[in-house]
2 protein chains.
Amino acid sequence: MQVITAISEMQQWSQQQRRMGKTIGVVPTMGYLHDGHCSLIERAATECDAVVTTIFVNPLQFGQGEDFERYPRDMERDTTIARAAGSSVVFAPTTAEMYPSGFATTIDVGPIAERFEGAFRPGHFRGVATVVAKLFNLTQPHVAYFGQKDYQQCLVISQMVRDLNMDITLRILPTVRDQDGLAMSSRNVYLSAEQRRTASLLYRALQAGIDAIARGERRREHINKRMQEILDQIPDARIDYAAAATAERLEEPDEFPPGASVVLLLAVRIGSTRLIDNMLTTVPYD
Amino acid sequence: MQVITAISEMQQWSQQQRRMGKTIGVVPTMGYLHDGHCSLIERAATECDAVVTTIFVNPLQFGQGEDFERYPRDMERDTTIARAAGSSVVFAPTTAEMYPSGFATTIDVGPIAERFEGAFRPGHFRGVATVVAKLFNLTQPHVAYFGQKDYQQCLVISQMVRDLNMDITLRILPTVRDQDGLAMSSRNVYLSAEQRRTASLLYRALQAGIDAIARGERRREHINKRMQEILDQIPDARIDYAAAATAERLEEPDEFPPGASVVLLLAVRIGSTRLIDNMLTTVPYD
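Asks: Which residues make up helix 9 (residues 220-231) of chain A, and what are the values?
Replies: Residue and element names in this part refer to chain A. Its twelve residues place the ends of helix 9 17 Å apart at the C-alpha level, agreeing with the 16 Å of an ideal helix rising 1.5 Å per residue. The set of residues buried in helix 9 consists of I223, N224, R226, M227 and L231. Angularly, the buried residues of helix 9 cover 150° about the axis, an arc narrow enough to put them on a single face. Exposed and oriented more than 90 degrees from the buried face of helix 9 are E221 and E229.

Asks: A description of the interface of chain A and chain B should follow, citing residues and the corresponding values.
Replies: Residue-level contacts link 22 residues of chain A with 22 residues of chain B. Elements that contribute at least two residues to the side of chain A that touches chain B include exactly helix 1 (7-19), strand 5 (106-108), helix 6 (124-139) and helix 7 (151-163) of chain A. Per element, the largest residue contribution to the side of chain A that touches chain B is four residues, and it comes from helix 6 of chain A. For the side of chain A that touches chain B, the class distribution of residues is eleven nonpolar, seven polar and four charged.

Asks: Let's hear about the relation of the copies chain A and chain B: which residues, and what values?
Replies: Comparison of the two chain copies shows a relationship of rotation about an axis with a shift along it. Least-squares fitting of chain A to chain B yields an RMSD of 0.0 Å, with the superposition described by an axial translation of 0.0 Å and a rotation of 180°. Taken together, these values place the two copies in the relation of a two-fold axis. Residue A:I107, judged by its C-alpha, is the member of chain A lying nearest the rotation axis, at 2.3 Å. Residue by residue, 100% of the interface of chain A is reproduced at the interface of chain B, so both copies engage with the same surface.

Asks: Mind laying out the packing of helix 6 (residues 124-139) of chain B against helix 7 (residues 151-163) of chain B, listing which residues take part and the relevant values?
Replies: All names here are of chain B. The N-to-C vectors of helix 6 and helix 7 enclose an angle of 55°; their axes lie 10 Å apart at closest approach. Considering the angle they form, helix 6 stands oblique to helix 7. The crossing of helix 6 and helix 7 is right-handed. Seen from helix 6, the contacting residues are F125, V128, A129, V132 and A133; seen from helix 7, they are Q153, V156, I157 and M160. A breakdown of the residues in the contact of helix 6 with helix 7 according to their chemical character gives eight nonpolar, one polar and no charged.

Asks: Tell me what's going on with the domain arrangement of chain A, and back it up with residues and numbers.
Replies: Where interface size is given, it is often the accessible area lost as the parts come together that is meant. All names here are of chain A. With domains assigned, chain A is organised as domain 1 (2-173) and domain 2 (186-282). Contacts between domain 1 and domain 2 engage 13 residues on the former and twelve residues on the latter. Sorting the residues of the side of domain 1 that touches domain 2 by element identifies helix 5 (117-120) and helix 7 as the ones contributing at least two each. Looking at the side of domain 1 that touches domain 2 element by element, the count peaks at three residues for helix 7. Residue classes in the side of domain 1 that touches domain 2 are distributed as eight nonpolar, two polar and three charged.

Asks: Give a description of the sheet that holds strand 9 (residues 261-270) of chain B that names residues and reports values.
Replies: Residue and element names in this part refer to chain B. The strand order across the open sheet formed by three strands is 8-9-10, and the pairing between neighbours is antiparallel. Every other strand in the sheet has two partners, leaving strand 8 (237-246) and strand 10 (273-282) as the edge strands with one partner each. Averaged over all neighbouring strand pairs, the angle between strand axes comes to 10°, with direction disregarded. Inspection of the sheet shows strand 9 paired to strand 10 by ten bridges, in the antiparallel sense. Along strand 10, the bridge assignment pairs I270 with T273. Its contacts with the sheet put helix 10 (residues 220-231) on strand 8 and strand 9, and the angle it makes with strand 8 is roughly 150°.

Asks: Which residues make up unusual backbone geometry, and what values do they have?
Replies: The residue A:Q140 is not glycine, and still its phi comes out positive at about 50°. Here A:Q140 shows up in the loop between helix 6 and strand 6 (143-147). The phi dihedral of B:D236 is positive, around 65°, even though this residue is not glycine. Summarising the element assignment, B:D236 is placed in the loop between helix 10 and strand 8. Classification of B:D236 as exposed rests on a count of 12 C-beta atoms within 10 Å.

Asks: Explain the pairing of strand 6 of chain A to me, and be specific about the residues and the numbers.
Replies: As a general feature of sheets, a regular strand has side chains that alternate between the two faces. Residue and element names in this part refer to chain A. A large share of strand 6 lies buried, amounting to four of its five residues. Where strand 2 (residues 24-29) meets strand 6, two bridges bridge the pair, whose relative direction is parallel. Paired with G25 across the two strands is V143, which belongs to strand 6. Here strand 6 pairs with strand 7 (residues 169-173) via five bridges, running parallel. Pairing of V143 across the sheet is with T169, part of strand 7. The handedness of the strand 6 to strand 7 crossover, carried by helix 7, is right-handed.

Asks: Describe the pairing of strand 2 (residues 24-29) of chain B, naming the residues involved and giving the relevant values.
Replies: All names here are of chain B. Burial within strand 2 is extensive, with six of its six residues counted as buried. Side chains of strand 2 alternate between two faces, with I24, V26 and P28 and G25, V27 and T29 buried alike. As defined by bridge partners, strand 2 adjoins strand 3 (residues 50-55) across six bridges and the pair is classed as parallel. Residue T29 lies in a different strand from strand 3, and its bridge partner there is I55. For the segment spanning strand 2, helix 2 (residues 35-47) and strand 3, crossover handedness is right-handed.

Asks: Residues and numbers for the sheet that holds strand 4 (residues 89-91) of chain A, please.
Replies: Residue and element names in this part refer to chain A. The six strands lie next to each other as 1-4-3-2-6-7, forming an open sheet whose pairing is parallel. On the outer flanks of this sheet lie strand 1 (2-4) and strand 7, each paired with one strand and no other. Pairs of neighbouring strands in the sheet enclose a mean axial angle of 25°, with direction left out of account. With respect to the sheet, helix 6 is in contact with strand 2, strand 3 (50-55), strand 4 and strand 6, its orientation differing from that of strand 2 by roughly 150°.

Asks: Residue-level account of the confidence of the model for chain A, with values.
Replies: Of the residues in chain A, 100% reach a pLDDT of 70 or more, and the chain-wide mean stands at 97. Across the assembled chains, the prediction reports ipTM 0.97 with pTM 0.97.

Here is what the cut-offs are and how they apply
- Residues numbered from 1 in each chain as written.
- Chains lettered and ligands numbered in written order.
- Predicted model: local features only at pLDDT ≥ 70, side-chain atom pairs only at ≥ 80, totals over all residues.
- Helix = DSSP H or I, 4+ residues; strand = E, 2+ residues; numbered from the N terminus.
- Expected span 1.5 Å × (residues − 1).
- Buried ≥ 20, exposed ≤ 12 C-beta atoms within 10 Å, placed from the backbone.
- Arc of directions from axis to C-beta.
- Contact = placed C-beta atoms within 7 Å.
- Nonpolar A, V, L, I, M, F, W, Y, C, P; charged D, E, K, R; others polar.
- Least-squares fit on C-alpha atoms with pLDDT ≥ 70 in both.
- Axes fitted to C-alpha atoms, helices over the stretch in contact; angles between N-to-C directions.
- Parallel < 35°, antiparallel > 145°, perpendicular 65-115°, else oblique.
- Left-handed = near helix turned anticlockwise from the far one by under 90°.
- Domains from an automatic or database assignment.
- Pairing = 2+ DSSP bridges.
- Right-handed = clockwise from strand over helix to strand, strands pointing away.
- pLDDT = per-residue confidence, 0-100.

Below is the structure:
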């Protein structure tokens, strides 16, 4: 497996693969790889001739006062994991390579980026869309892999790919969870042992929302309340949102009609650690 | 020569050319082709294996009250001209193909898009950058050709290509002029015979600015005044700007140092027709 840090070298590699008729899969990450990332890399390795795992903690998608500085980094560990999972290349550019002096371009995907995460992290999705467009242009993928854990991010990237006519297939793979249901996240390392124990309540809150819908609840406020009640059991928690929304456009009608695809979205701060999670379901017919 | 209107067909064609190892040149236009466009297509035909001329009057780059509706269109004439100049393909998508329901993404290239044209046409360069990114993704060019007549547009696209790591070479070709110096433009057809006669004063104004710099003038306001004096001779003219700026970043220092690359930029309305033009020069050493 190759480790590439220079943009020019990455471009050359991609051109070469394309010229040889190879299909390229890309797995964009911020590193500190966990089993969720591995599932993406492994899938890419079965579907594509060559797999690039990108590792870049993107400053453009962090707001002031967020955890850019302390975000966990371990290139040696990441390289080992990426290799074992089936990467052909790890692309790990420096910030100066990605954002040289004079850099000024941003991509805005419109309303889908303004709700939920976008409301709590202004500019976040502009940073995500911009860096992903750069990584796509550098790695020239046929297929790009993302985890459902970052559900709204998947919608944002999907909107960008569609609107800008990028010739790339997106694969969204299921969230990988710990035994107690906590979604894998590089940020889980921030949690104390006690916080880690209660963090599984995020999963249980989502399950409670799913159960309520399965039992016939269609009123958004009532679904949200089911989730809220569980999350309120977490000591030291601040709930940014715990909300049911339409799966495609993240709209919030008072009531979801039978057959509607619904996503349950959570963002919760436990101490200074902000975790997100989500689940998809379909409103049953009577 | 093929005429393609469907996005899916354009993508297939580009993929096929790439797979065969052909180099692709693209000439993005809004149609109503003139000799300026021809010079771009002809150059592309000498440098690339295959040339796509795109013809699309892009609503996203027109403001309210601008000339989107009356912008001249003549597909039959354009097709004939593009073929004769050496196009392999004319790509002429419909607005509904380019901006289907739900389209929401825009690309903003920052400060370079805010001055001059950007100040007088808010959102114009966001529309330009967005459509050009789409056309690049659809046509997969190795080289893209633009005319220097739209100087700031060239800077905007150059910024986007650099910032988003698009693997595309930009070629900016000289402005093609009528015998009296008026820059070729699809909008010249709007001019009455009398307006057309006085329109050559744009060229003479730029020449006066160039001459002033050549004679040693470095003070921005004085250079601008030389141009203004000529433009004031046009009856029924409204000058949006007549300005000297640094060629790379369009900055406006009080004085340009020896060796500086300077662009002289004009935007003038003659009646209801808005014309732009520019010239590049270098400030001489003493």
